[in-house]
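Coordinates in review
Read off the chains here:
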Amino acid sequence: MRGCAGGRRAAARRVRARRTGGSRRSAGGRGGPGGRGGGRSPAPPGAAPPGAARPPRGRPEPGGAGQHAPLRTAPHHSAPLRTTPHRSAAMAPRSAAARRRTALAALLGLHVVAIAFALEVSVGKTNTVMALNNSDVLLPCTFTTCIGFQNLIFTWYFNSTEMIYHGQIKNKASEPFLVGRNPRVEFVGSTTKKENNISIVLKNVEFSDAGKYTCYVKNPKEKNAEHNATIFLTVVHKMVETDNTVTLIIVGVVGGLIGLLILFMLIKRVVLFIIKKTQDGKKECLVSSSGNDNTENGLAGSKAEQKAPPKA
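Notes on the structure follow.

Describing the sheet that holds strand S6 (residues 162–169)
Pairing is mixed across the open sheet formed by six strands, whose spatial order is S2-S12-S11-S5-S6-S7. Where the open sheet ends on each side, the last strands, each with one partner, are strand S2 (128–132) and strand S7 (177–181). Each strand of the sheet is rotated relative to its neighbour by a mean of 20°, with strand direction disregarded. Pairing of strand S5 (residues 152–158) with strand S11 (residues 211–219) involves six bridges; the strand directions are antiparallel. Counted as the bridge partner of Phe-154 is Val-217 from S11.

Shown next as structure tokens:
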């Protein structure tokens, strides 16, 4: 049996060799320079004829002579794929930044609203007061709040260290009550009216009373919001009267110049109006005189043409 199998294999090899040789010869004859198929390349050695069925890969034909060499594939060095992050992952930092900006804008808006509705303390248009020695002087101070107040505390300080008046206000319907004060200080304000006035009067001022006076207010209803305003007191021995003569002279001169300018503009308009009327009257006179001349000379359109011819 082994001999029969070996003989069959040898016969098959010989048949394949003949076919391969014939295909080589036909390819060499046609693929030469003078052949018809000059563009075809010769088949590589060991290749199957065109009509033969190709064996599956990885299964060499039995037999040593006709066995195909295994294909050696070089390792495939593929470039690393650059994967783009998913859209949701890419949008995550942007969304986080947007949330941060939104939160910052909200905080800024709250801060602006807090400033708009915050506690404010004022001592008037000017922060300087002049008083005569041994006289009484008013130290003004008012506060405003848009959300109201409750158990509000206000304090007056001299040179930021010495407390000269300390009071408390329960609510808008009640007047302040005294907590502590200097004997020469008297409270003259009121908080039940439209304006929250917490002014004080300093009696019998002396030169040593000159300095800085601070009005400090704290409102627990606004989360213990605090604010203050400062006024400076100057004590003099004699009040110096201000001579307003120069000021009055300057104001009078400026007012006179403005009046003269207005008067000049009015006169100019009147003169221009009169001149225009005069020129219009002259034009009418010229037109009427030219019409009369045409009538006397018998020109077209004149009264001379309208006369009937004399009868024979």
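Some words on the nonpolar core
Within the largest apolar cluster, 31 residues are counted, with the highest numbers of intra-cluster contacts made by Phe-143, Trp-156, Ile-198, Tyr-213 and Val-217. Breaking this core down by element, the ones donating at least two residues are S2, strand S3 (137–139), S5, S6, strand S8 (185–187), strand S10 (200–202), S11 and strand S12 (225–236). Ranked by the residues each element gives to this core, the list is headed by S12, at five residues. What Val-217 contacts, discounting residues up to four positions off in sequence, is Leu-119, Val-121, Phe-143, Leu-152, Ile-153, Phe-154, Ile-198, Ala-225, Glu-226 and His-227.

Concerning a nonpolar patch on the surface
Together, Ile-249, Val-253, Leu-257, Leu-260, Leu-263, Ile-267, Val-271, Leu-272 and Ile-275 make up an exposed nonpolar region whose accessible area comes to about 840 Å². Of note, Val-271 is situated in helix H3 (residues 245–297). Looking at Val-271, the relative accessible area reads 40%, which means it is partly exposed.

The rules behind these values
Residues numbered from 1 in each chain as written. Predicted model: local features only at pLDDT ≥ 70, side-chain atom pairs only at ≥ 80, totals over all residues. Heavy atoms only, no water. Pairing = 2+ DSSP bridges. Helix = DSSP H or I, 4+ residues; strand = E, 2+ residues; numbered from the N terminus. Axes fitted to C-alpha atoms, helices over the stretch in contact; angles between N-to-C directions. Core = buried A, V, L, I, M, F, W, Y, C linked by side-chain atoms within 4.5 Å. Buried < 20%, exposed > 50% of the residue type's maximum accessible area, 1.4 Å probe, protein only. Contact = heavy atoms within 4.5 Å. Patch = residues over 30% accessible without salt bridge, like charges linked within 9 Å, V, L, I, M, F, W, Y side chains within 5 Å. Areas by Shrake-Rupley, 256 points an atom, 1.4 Å probe, with all protein chains shown as cover. Salt bridge = Lys/Arg side-chain N within 4 Å of Asp/Glu carboxyl O.

Any link to function would need more than the numbers given here.
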